[in-house]
Amino acid sequence: MSTQPTLRPAVLITGASSGIGAVYAERFARRGHDLVLVARDKSRLDALAARLSETHGVKIDVLQADLTQPADLEAVEARLRSDARIGVLINNAGMAQTGAFVQQGAQAIDTLIDLNTTAVTRLAAAIAPRLVEAGAGSIVNIGSVVGLAPELGMTVYGATKAFVLFLSQGLQLELSPKGIYVQAVLPAATRTEIWERAGMDVNSLPEVMDVEELVDAALIGYDRREPVTIPPLHVAARWDALDGARQGLLSDIRQAHAAERYQAKA
Ligand SMILES: NC(=O)C1=CN([C@@H]2O[C@H](COP(=O)(O)OP(=O)(O)OC[C@H]3O[C@@H](n4cnc5c(N)ncnc54)[C@H](OP(=O)(O)O)[C@@H]3O)[C@@H](O)[C@H]2O)C=CC1
Ligand SMILES: CC(=O)[C@H](N)C(=O)O
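Reading guide: rules and limits
Residues numbered from 1 in each chain as written. Chains lettered and ligands numbered in written order. Predicted model: local features only at pLDDT ≥ 70, side-chain atom pairs only at ≥ 80, totals over all residues. pLDDT = per-residue confidence, 0-100. Near = placed C-beta within 6 Å. Helix = DSSP H or I, 4+ residues; strand = E, 2+ residues; numbered from the N terminus. Nonpolar A, V, L, I, M, F, W, Y, C, P; charged D, E, K, R; others polar. Buried ≥ 20, exposed ≤ 12 C-beta atoms within 10 Å, placed from the backbone. Pairing = 2+ DSSP bridges. Right-handed = clockwise from strand over helix to strand, strands pointing away. Contact = placed C-beta atoms within 7 Å. Axes fitted to C-alpha atoms, helices over the stretch in contact; angles between N-to-C directions. Expected span 1.5 Å × (residues − 1).

An unreviewed UniProt entry lists the chain under the name NADP-dependent 3-hydroxy acid dehydrogenase YdfG, with Roseateles depolymerans given as the organism.

This is the structure in structure tokens:
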């Protein structure tokens, strides 16, 4: 790829070989953006790249990477730092978990956290300084409604997605004054391979969104420059109330003395 900036920035999408990432790839290609597609399965990425470049006439590079492997993660970071054409990062690659907390082994926990939080943070950190210097660009992080709801019973997965929301909100506060748009997208159950990969039957779920509908809704939020987009949430005021309550805490949580209920009785 050349290093000349273009009107339509190139888009780097992680987890582009299937599901939500593959639909993002198709939608951005349709909008005329060149792409860099990242995932482990090179043959699927190559096939998608060939189809999209043929259909939409855009230039597509494939970067095979296992984002839980340090050398591969560093290669994607290097690309984000050096390729001035990339102005949009879709931080989408992720995996789910099965089983109760007490059944999860150390390796499974490490892999989940490495992919769902460390890679997301490292890739955002790799591109952000260049975007800040350019005064433009976007970072989209795919979270989950599970990150709002420990009741949904996926404790470590949900914790990684709560991290993604917090990271996105923090980046939005830090980077939006410098011209960078940061979006957190929180899907609920969406029909993709993630369920089968995690050993779960998607057909056993009561409400499942179609993946095209999910991405198209997320892109409406993107075009509106929403900081948080929750496609399955019909009553938008519920999110406003939750976030408003959180902001209401801000004036109260920084105090020099413990609250009266924690003062030792004389
Ligand atoms: N589907 C759903 O119900 C929901 C999904 N999400 C989130 O959406 C995102 C996308 O998931 P979805 O499309 O559903 O699932 P898919 O399983 O279809 O896609 C996951 C993508 O991530 C890639 N990936 C997985 N592991 C790695 C790895 N170690 N290194 C690099 N790439 C990897 C996969 O490609 P490859 O195997 O080729 O590496 C694939 O392209 C995830 O972050 C997920 O948590 C959030 C809420 C609900
Ligand atoms: C993909 C999942 O496993 C999860 N339930 C989610 O909705 O994020």
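Anyway, onward from the coordinates.
Caption draft 1: The arrangement of the confidence of the model for the chain in detail. This prediction gives the chain a mean pLDDT of 96; 98% of its residues lie at or above 70. Our summary of model confidence lists the complex with pTM equal to 0.96 and ipTM equal to 0.98.

Caption draft 2: Examining the site of ligand 1 more closely. Around ligand 1, the structure places 29 residues, and the nearest of them are G15, G19, R40, D41 and G94. Residue assignment for the shell around ligand 1 shows that the elements contributing at least two residues are α1 (19-30) and α6 (194-197). Looking at the shell around ligand 1, the element that brings in the most residues is α1, giving three residues. Residue composition of the shell around ligand 1, by class: 12 nonpolar, 11 polar and six charged.

Caption draft 3: Spotlight on the site of ligand 2. Surveying the vicinity of ligand 2 reveals the residues A96, S144, V146, M154, A188, A189, I194 and A198. Grouping the amino acids of the shell around ligand 2 by side-chain chemistry returns seven nonpolar, one polar and no charged.

Caption draft 4: Structural view of the environment of L249. When you line up the elements, L249 lands in helix α8 (residues 236-249). Considering only alpha carbons, one finds L249 and W239, 10 residues apart in sequence, at a separation of 16 Å.

Caption draft 5: Broad picture of the pairing of strand β1 (residues 10-14). With five of five residues buried, β1 is to be regarded as a mostly interior element. Burial along β1 is two-sided: A10, L12 and T14 and V11 and I13, pointing in opposite directions, are all buried. Pairing between β1 and strand β2 (residues 35-39): four bridges, direction parallel. Counted as the bridge partner of I13 is L37 from β2. For the crossover that starts at β1, traverses α1 and ends in the parallel β2, the hand is right-handed.

Caption draft 6: Structural context of unusual backbone geometry. Residues other than glycine seldom take positive phi values, yet R225 does so here, at roughly 60 degrees. Position of R225 among the secondary structure elements: in the loop between α7 (211-223) and β7 (228-229). Taking the number of C-beta atoms within 10 Å as the measure of exposure, R225 has 11 and is therefore exposed.

Caption draft 7: Broad picture of the sheet that holds strand β4 (residues 86-91). Sheet architecture is open: seven strands sit in the order β3-β2-β1-β4-β5-β6-β7, paired in parallel fashion. Unpaired on one side and paired on the other, β3 (60-64) and β7 mark the two borders of the sheet. Pairing geometry for strand β6 (residues 180-185) and β7, over two bridges, is parallel. The residue of β7 that forms the bridge with A184 is V228. Along the sheet face, α1 touches β1, β2, β4 and β5 (137-142) and points at about 170 degrees away from the line of β1.

Caption draft 8: Up close: helix α5 (residues 155-175). Over its 21 residues, α5 runs 30 Å from end to end, which matches the ideal 30 Å to within 8%, given 1.5 Å per residue. Looking only at α5, the buried set comprises Y157, G158, T160, K161, V164, L167, S168 and L171. If you follow the buried residues of α5, they end up packed against α4 (106-134), β5 and β6.

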